Amino acid sequence: MPSKDEILNGLVTDVYFYRTKRILEEAGLQDVRVRMEVHSYKLPRDYRWAVFAGLAEAVSLLEGKDLDVYAIPEGTLYGEKAPLMIIEGKYADMAMYETAILGILRHATSVATKAARIKKLAGDKTVLFFGLRSSHPSISLVLDKYSYMGGLDGVSGLLAEKYLGLEPKGTMPHALIITFGDQVEAWKWYAKIYGKDSPIIALVDTFLDERYEALLAAKELGDKLGGVRLDTPGSRRGRMKDIVEEVRWTLNINGYKNVKIIVSGGIDEEEIIELRDVVDGFGVGTSIAWPKNVDISMDIVEVNRGGEWEKITKRGKLPGAKALYRCPGMRDIVRLLDEQPPDECPGGGTPVKLTRKIMEKGELVAPLPSLEDVRKYVLKQLEEAEI
């Protein structure tokens, strides 16, 4: 695995950027200044927006270098062809970091966007991230961080508390129950050790019918039971909504209306839509850990060879460094970075400039918000956003 120093020193890069930097130095062009724009050109099919994530990590790679950075706030919901970030300075100083910056932003944005879509569809129902087992352990904190940033209510990773300040949340695995060989004994021991401060969530689909095990858990645990979790394999599910409704009905008629129902296992947007009216929460894993890729590109859009800024870029892209303005109703306007801001939004209202200078000559000039603050910002925008 690359070390932290190797990443910070720009060694996690494609070889052609190393070769480019060397050629520019040999040709005496190491002082040519550029404006490199990070932008969204295309969203996944049927996506109206994405959540810009990974900014703080990306910027950390550029600290101490003679570079200026402009960006929209981390957590901003944006649409296609939106300018997200501008890096200004000598190209030779930034060439080795393009690979890592794009890797951070694309992965973080893809995870946060999928998490935000899931949370938007789930509404006021609790959603926890259970996806660490579907990815390499070296990126566990990346997945926990950006799924939470995207609006989820909690994560299960043990190290999330140490590194992210998030108390891990979860229930129990089938392995616990199978090792005991008796679900009741397993539930009771779990409650004895982890149910001292609050009621537990019992897994109720290991050996017997979910309806039977849910009622058994309610009777055996009493007020120590806060909810039941259904993680029923696809080979046994039939129609999951029918199973949930059976469990809910059975608990209700036996006086356990307070017991919540949590569903996990293969949950994606379609399952959220189908089950959100009959369950109290979801555990979602693979669909967030392996989301649709949100494409983010990075291109030179202006060059200064010692005089004026020349607006230039490759075919298919728009030349000139650009800024993003937000209008009421989450409608956006794009203007050149150095251009006067628009006076009024189409349809009325005053545009708010989202693109701001956050780094000057390698030093932060604006504080970056905390993980919790970014998550709140995302959730606020989700109130207006449509899927």
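Structure: above.
The following paragraphs examine the structure supplied in this document. This one's a predicted model, so the numbers in the text were calculated from it and none came from an experiment. (Residues numbered from 1 in each chain as written. Predicted model: local features only at pLDDT ≥ 70, side-chain atom pairs only at ≥ 80, totals over all residues. Heavy atoms only, no water.)

**Points about the packing of aromatic side chains**
In this description, a pair of aromatic rings is defined by centroid distance and the angle of the planes.
Right, so step 1: Tallied over the entire structure, the rule returns two aromatic pairs.
Right, so step 2: Where Tyr16 meets Phe17, the ring centres are 4.9 Å apart and the plane angle is 55°; that geometry is what we call tilted.
Right, so step 3: When the centroid spacing of 5.5 Å and the interplanar angle of 45° are considered together, the rings of Tyr190 and Tyr194 count as tilted. Of this pair, Tyr190 and Tyr194 both sit in helix α9 (residues 183-194), four residues apart, which is roughly one turn of that helix.
Right, so step 4: Looking at Arg35, its charged tip hangs above the ring of Trp309, at a distance of 4.7 Å from the centre.
Right, so step 5: The cationic tip of Arg375 hangs over the ring face of Tyr148; the distance from NZ or CZ to the ring centre is 4.7 Å. (Phe/Tyr/Trp six-rings, centres within 6.5 Å; stacked < 30°, edge-to-face > 60°. Helix = DSSP H or I, 4+ residues; strand = E, 2+ residues; numbered from the N terminus. Lys NZ or Arg CZ within 6 Å of the ring centre and 35° of its normal.)

**A few points about the sheet that holds strand β6 (residues 126-129)**
Right, so step 1: Spatial ordering of the open sheet is given by β7-β6-β11-β10-β9-β8, a layout of six strands whose pairing is parallel. Looking at the sheet topology across the chains shown, the edges are occupied by β7 (154-155) and β8 (200-203).
Right, so step 2: The pairing of β6 with β7 spans two bridges and is parallel. Within the sheet, the bridge partner assigned to Leu128 lies in β7 and is Gly154.
Right, so step 3: Lying over the sheet, helix α10 (residues 210-221) contacts β8 and β9 (225-230), oriented at roughly 160° with respect to β9. (Pairing = 2+ DSSP bridges. Contact = heavy atoms within 4.5 Å. Axes fitted to C-alpha atoms, helices over the stretch in contact; angles between N-to-C directions.)

**So, the sheet that holds strand β12 (residues 297-304)**
Right, so step 1: The seven strands lie next to each other as β13-β12-β1-β5-β3-β17-β18, forming an open sheet whose pairing is antiparallel. For this open sheet the edge positions go to β13 (310-311) and β18 (363-364), each flanked by a neighbour on one side alone.
Right, so step 2: In this fold helix α5 (residues 98-122) packs onto β1 (33-40), β5 (82-90) and β12, with an angle of close to 135° to the strand it touches most, β12.

**Thoughts on unusual backbone geometry**
Right, so step 1: Unlike most non-glycine residues, Asp46 shows phi in positive territory, near 75°.
Right, so step 2: The residue Asp46 is located in the loop between β1 and β2 (50-51) in this model.
Right, so step 3: Looking at Asp46, the relative accessible area reads 65%, which means it is exposed.
Right, so step 4: Phi is positive for Met330, which is not a glycine, with a value near 55°.
Right, so step 5: Inspection of the secondary structure assignment puts Met330 in the loop between β14 (322-327) and β15 (331-336). (Buried < 20%, exposed > 50% of the residue type's maximum accessible area, 1.4 Å probe, protein only.)

**As for the layout of surface pockets**
Right, so step 1: If you add up the space inside the largest pocket, you get close to 1400 Å³.
Right, so step 2: For the largest pocket, the lining is made up of 42 residues, of which Leu128, Phe130, Lys169, Gly170 and Thr171 are closest to its centre.
Right, so step 3: Residue assignment for the lining of the largest pocket shows that the elements contributing at least two residues are β6, α9, β8, β9, β10 (260-264), β11 (281-284) and α14 (286-289).
Right, so step 4: Taken together, the residues of the lining of the largest pocket break down into 16 nonpolar, 17 polar and nine charged.
Right, so step 5: In this structure, the second largest pocket occupies an estimated 1200 Å³ of space.
Right, so step 6: Along its surface, the second largest pocket is lined by 34 residues, and Ile7, Glu57, Ile104, Ser138 and Val142 are the ones closest to its centre.
Right, so step 7: Elements that contribute at least two residues to the lining of the second largest pocket include exactly α1 (4-8), α3 (55-60), α5, α6 (140-149), α7 (160-164) and α15 (371-382).
Right, so step 8: A breakdown of the residues in the lining of the second largest pocket according to their chemical character gives 22 nonpolar, eight polar and four charged. (1 Å grid on protein atoms, 1.4 Å probe; cavity = no way out; pocket = protein on both sides within 12 Å on 5 of 7 lines; lining within 4 Å. Points joined across faces, edges and corners; volume = space filled by probe spheres on them. Nonpolar A, V, L, I, M, F, W, Y, C, P; charged D, E, K, R; others polar.)

**Observations regarding the state of the cysteines**
Right, so step 1: All chains considered together, the criterion is met by one disulfide.
Right, so step 2: The disulfide partner of Cys327 is Cys345, and the gap between their sulfur atoms is 2.1 Å. Disulfide Cys327-Cys345: torsion about the S-S bond near -90°, hence left-handed. Remark: Cys345 occurs in the loop between β15 and β16 (352-353) and Cys327 occurs in strand β14; sequence separation between them is 18 residues.
Right, so step 3: Judged by its relative accessible area of 4%, Cys327 falls in the buried class. (Disulfide = S-S within 2.5 Å.)

**So, the side chain of Thr250**
Right, so step 1: With respect to the helices and strands, the residue Thr250 is situated in helix α12 (residues 240-253).
Right, so step 2: There is a polar contact of 2.8 Å between the side chain of Thr250 and the backbone oxygen of Glu246.
Right, so step 3: For Thr250, the contacting residues outside a window of four places in its chain are Arg211 and Leu215. (Polar contact = N/O pair within 3.5 Å; in protein donor to acceptor, adjacent residues only side chain to side chain.)

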